Amino acid sequence: MSEEVIVVEGNNTLAGEVRVSGAKNSALKLIAASLLGRGETVLHNVPLISDIDVMIEVLRRLGATVTREDHTLIVDTSSVDKCETPYELVSKMRASISVLGPLVGRFGKARVAMPGGCQIGARKIDMHMVGLEALGVKFDIDHGFLDASTPHGLHGAHVILDFPSVGATENLLMASVVADGTTIIENAAREPEIVDLANMLNKMGAKIAGAGESLIEITGVAAESLHPCEHTTVGDRIEAGTFLVGAALTQGPLRVVGVDPGYLRMAIMKLESMGCEIESNSDSVTLRRAVPLRSTEIQTLPHPGFPTDLQAQFMLLAALANDMSVITENVFENRFMFAAELIRMGADITIEDHHALVRGVQKLQGADVSSTDLRAGAALVLAGIVAEGQTRVHNIAHIDRGYEDYVGKLSSLGVNVSRMVLDEGMN
Ligand code: EPZ
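Presented here is a report on the structure given in the accompanying data block.

Scanning the chain from terminus to terminus reveals 14 helices and 24 strands. Taken against the 2.2 N^0.38 rule, which gives 22 Å for 427 residues, the C-alpha radius of gyration of the chain at 22 Å falls within 12% of a compact globule. For the chain, the spread of C-alpha atoms along the principal axes amounts to about 65 × 45 × 40 Å. Of all 427 residues assigned to the chain, the portion counted as buried reaches 57%. Side-chain charges in the chain split into 35 positive and 54 negative, and the spacing between the mean points of these groups amounts to 1 Å.

Moving on, we get to the environment of serine 50. By the secondary structure assignment, serine 50 is in helix 2 (residues 50-61). Along the backbone, serine 50 and glutamate 404 are 354 residues apart, and their C-alpha atoms lie at a distance of 8.8 Å. What serine 50 contacts, discounting residues up to four positions off in sequence, is Asp400 and Arg401. For serine 50, the side chain forms a polar contact with the main-chain nitrogen of arginine 401, separated by 3.4 Å.

What follows is about the packing of helix 10 (residues 311-319) against helix 11 (residues 337-344). The interhelical angle for the contact between helix 10 and helix 11, taken along N-to-C directions, is 35°, at an axis separation of 10 Å. Regarding helix 10 and helix 11, the two cross each other, and that crossing is right-handed. Taking contact as the criterion, the partners of Ala312, Met315, Leu316 and Ala319 in helix 10 are, on helix 11, Phe338, Ala339 and Leu342. Here the residues of the contact of helix 10 with helix 11 sort into 7 nonpolar, no polar and no charged.

Attention shifts here to the pattern of salt bridges. Counted by the stated rule, this structure contains 22 salt bridges. A salt bridge links arginine 111 to glutamate 84; the shortest N-O distance between them is 3.6 Å. Within this pair, whereas arginine 111 is found in strand 7 (residues 109-113), its partner glutamate 84 is found in strand 6 (residues 84-85), the two being separated by 27 residues in sequence. Arginine 335 is the salt-bridge partner of aspartate 373, the closest N and O atoms lying 3.5 Å from each other. Placement of aspartate 373 in the loop between strand 22 (368-370) and helix 12 (374-386) and of arginine 335 in the loop between strand 19 (324-329) and helix 11 is noted, with a sequence separation of 38 residues between them. Accessibility assignment for this pair places aspartate 373 and arginine 335 in one class, buried. Through salt bridges with shared partners, a single ionic network connects Glu84, Arg111, Asp142 and Asp147.

Here we take up the sheet that holds strand 7. Strand order in the open sheet made by the 4 strands is 6-7-9-8, with mixed pairing throughout. In this open sheet, the two edge strands, each paired with only one partner strand, are strand 6 and strand 8 (138-142). Each of strand 7, strand 8 and strand 9 (145-149) is contacted by helix 4 (residues 100-107), which is oriented at about 155° to strand 7, the strand it contacts most.

Okay, the sheet that holds strand 4 (residues 65-69) next. The strand order across the open sheet formed by 4 strands is 4-5-3-14, and the pairing between neighbours is mixed. Here the strands that pair on one side only, and so sit at the sheet edges, are strand 4 and strand 14 (230-232). Recorded for the sheet is a direction-independent mean angle of 15° between the axes of neighbouring strands. Sheet analysis places strand 3 (residues 40-44) next to strand 5 (residues 72-76), joined by 4 bridges and oriented antiparallel. The residue of strand 5 that forms the bridge with threonine 41 is valine 75. Contacts between helix 7 (residues 192-203) and the sheet are confined to strand 3 and strand 14, with strand 14 contributing the most and set at about 165° to the helix.

The subject of this paragraph is the packing of aromatic side chains. Going through the model one piece at a time under the given rule, you end up with 3 aromatic pairs. A centroid spacing of 4.9 Å and a plane angle of 85° characterise the contact between phenylalanine 306 and phenylalanine 314, whose relative ring orientation is edge-to-face. We classify phenylalanine 314 as buried; its relative accessible area is 0%. Taking the centre distance of 4.9 Å and the plane angle of 45° together, the rings of tyrosine 403 and tyrosine 406 count as tilted.

So, on to the site of the ligand. Taken together, the neighbourhood of the ligand is formed by 25 residues, with Asp126, Met127, Ser165, Asp309 and Val331 sitting nearest. Here an oxygen atom of the ligand sits 3.0 Å away from a polar atom, N or O, in the side chain of lysine 24. Here an oxygen atom of the ligand and a side-chain polar atom of serine 165 are 2.7 Å apart. About the coverage of the ligand: the protein hides 88% of its 820 Å² of free accessible area. Secondary-structure elements contributing two or more residues to the shell around the ligand are helix 1 (24-33), helix 5 (126-134), helix 6 (166-176) and helix 12. Within the shell around the ligand, the residues separate by chemical class into 9 nonpolar, 5 polar and 11 charged.

Before going further, it helps to spend a moment on the packing of helix 1 against helix 6. One can describe the packing of helix 1 onto helix 6 by two numbers: an axis separation of 11 Å at closest approach and a directional angle of 25°. Our classification of the angle between helix 1 and helix 6 gives roughly parallel. Regarding helix 1 and helix 6, the two cross each other, and that crossing is right-handed. Across from Asn25, Lys29, Ala32 and Ala33 in helix 1, the residues of helix 6 making contact are Val166, Glu170 and Met174. Classifying every residue of the contact of helix 1 with helix 6 gives 4 nonpolar, 1 polar and 2 charged.

Thresholds applied
Residues numbered from 1 in each chain as written. Predicted model: local features only at pLDDT ≥ 70, side-chain atom pairs only at ≥ 80, totals over all residues. Heavy atoms only, no water. Helix = DSSP H or I, 4+ residues; strand = E, 2+ residues; numbered from the N terminus. Rg over C-alpha atoms; globule rule 2.2 N^0.38 Å. Buried < 20%, exposed > 50% of the residue type's maximum accessible area, 1.4 Å probe, protein only. Lys, Arg positive; Asp, Glu negative; His and termini not counted. Charge placed at Lys NZ, Arg CZ, Asp CG, Glu CD. Contact = heavy atoms within 4.5 Å. Polar contact = N/O pair within 3.5 Å; in protein donor to acceptor, adjacent residues only side chain to side chain. Axes fitted to C-alpha atoms, helices over the stretch in contact; angles between N-to-C directions. Left-handed = near helix turned anticlockwise from the far one by under 90°. Nonpolar A, V, L, I, M, F, W, Y, C, P; charged D, E, K, R; others polar. Salt bridge = Lys/Arg side-chain N within 4 Å of Asp/Glu carboxyl O. Pairing = 2+ DSSP bridges. Phe/Tyr/Trp six-rings, centres within 6.5 Å; stacked < 30°, edge-to-face > 60°. Near = heavy atom within 4 Å. Areas by Shrake-Rupley, 256 points an atom, 1.4 Å probe, with all protein chains shown as cover. Parallel < 35°, antiparallel > 145°, perpendicular 65-115°, else oblique.

What follows is the structure, encoded as structure tokens:
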């Protein structure tokens, strides 16, 4: 059986200018939110990635018409008449659970396949359920499906999240906008993608105040008062951070365009502490490095803490820095699998519970390595740029889920990288 891999030639650099795509972790939810407005919603700066294809298919299965013109999606939800998502789509992409809130908001009911876990953790949805139950939703679990109903309608509530869950905050936002009365979400997630979603919902006629803070207040409006809108997805801060790490590895200079530097404050602070010089303006970040990489300490935390989605990329940076770095993963229970792949390339990493002790080495060696999640996969390609010899990254479907034209963008920055189909037995 053949397999497509990404092949990278080492001892290279990465420099120039690259424009990031729209944020995957916003666009997916903006598409789901379009269900709350009957008619044609237009979304710009939507990345061309496979997760978006899955979400488009979810909307089509619900009865929506979705057309794509380059990076613009036109989502017509006038004829949406179903409220069930099939297992095979949710199992492909757990973010499909983001249609739960809008379906409950629009129809008062939903039947959504329970998302499974993934490589990085159990990815439970208990906080989604507890929060929605507070708004009046009743759940029955039926053979792997969540059957949601609202026997007495949706009503406002004061919800305190155990943990500032991004997905739970989003589902609560998309249901509470049409609840009867006011909802408070306390300990809400503060990610920039939450603000992007709230901005779009407010354009649709919702009344949300405080998005981006830990306490969000939603004043419910009549469901029929919500209308379609036109909205542009924010730039992808994680894609931007990934390229900045690539430049930090090879000294740059690199200019990343299309992202608000304010979304990357913690990552920029860490890059500067590791020896990088960074200049920012309204929608770009420029990085160069003239001194040896210094070690660092990282704790992944909900925004504005250090983003877990940049943890693998910074572990790579630490693997080539001087001295010893400590990286602690506090958001997901199993997000260190990337370390095992990096060790195969010669990194010196010891995992102790949710801490990774990374002792810097002089050089990595190219090898055959495997993506364990999309961020680890992207980081393995970066590792191949600076390693000795050739690296072949396997399981690259993970990368295609969240990085638009990753190989093309890296090639435009001088990286010797390509996609190759390996026939069975090719060593
Ligand atoms: C979103 O996942 C992102 N995905 C993730 O990005 C990101 O890592 C994560 O937020 C944290 O920033 C999308 O937006 C599609 P959470 P989400 O709910 O919403 C636990 C990437 O690489 N939890 O904040 O699932 C959960 O298991 C991906 O682009 C519960 O226990 O994240 C996790 O350990 C990876 N019960 C932690 O909370 C719940 O009800 C954070 O989850 C919900 C979450």
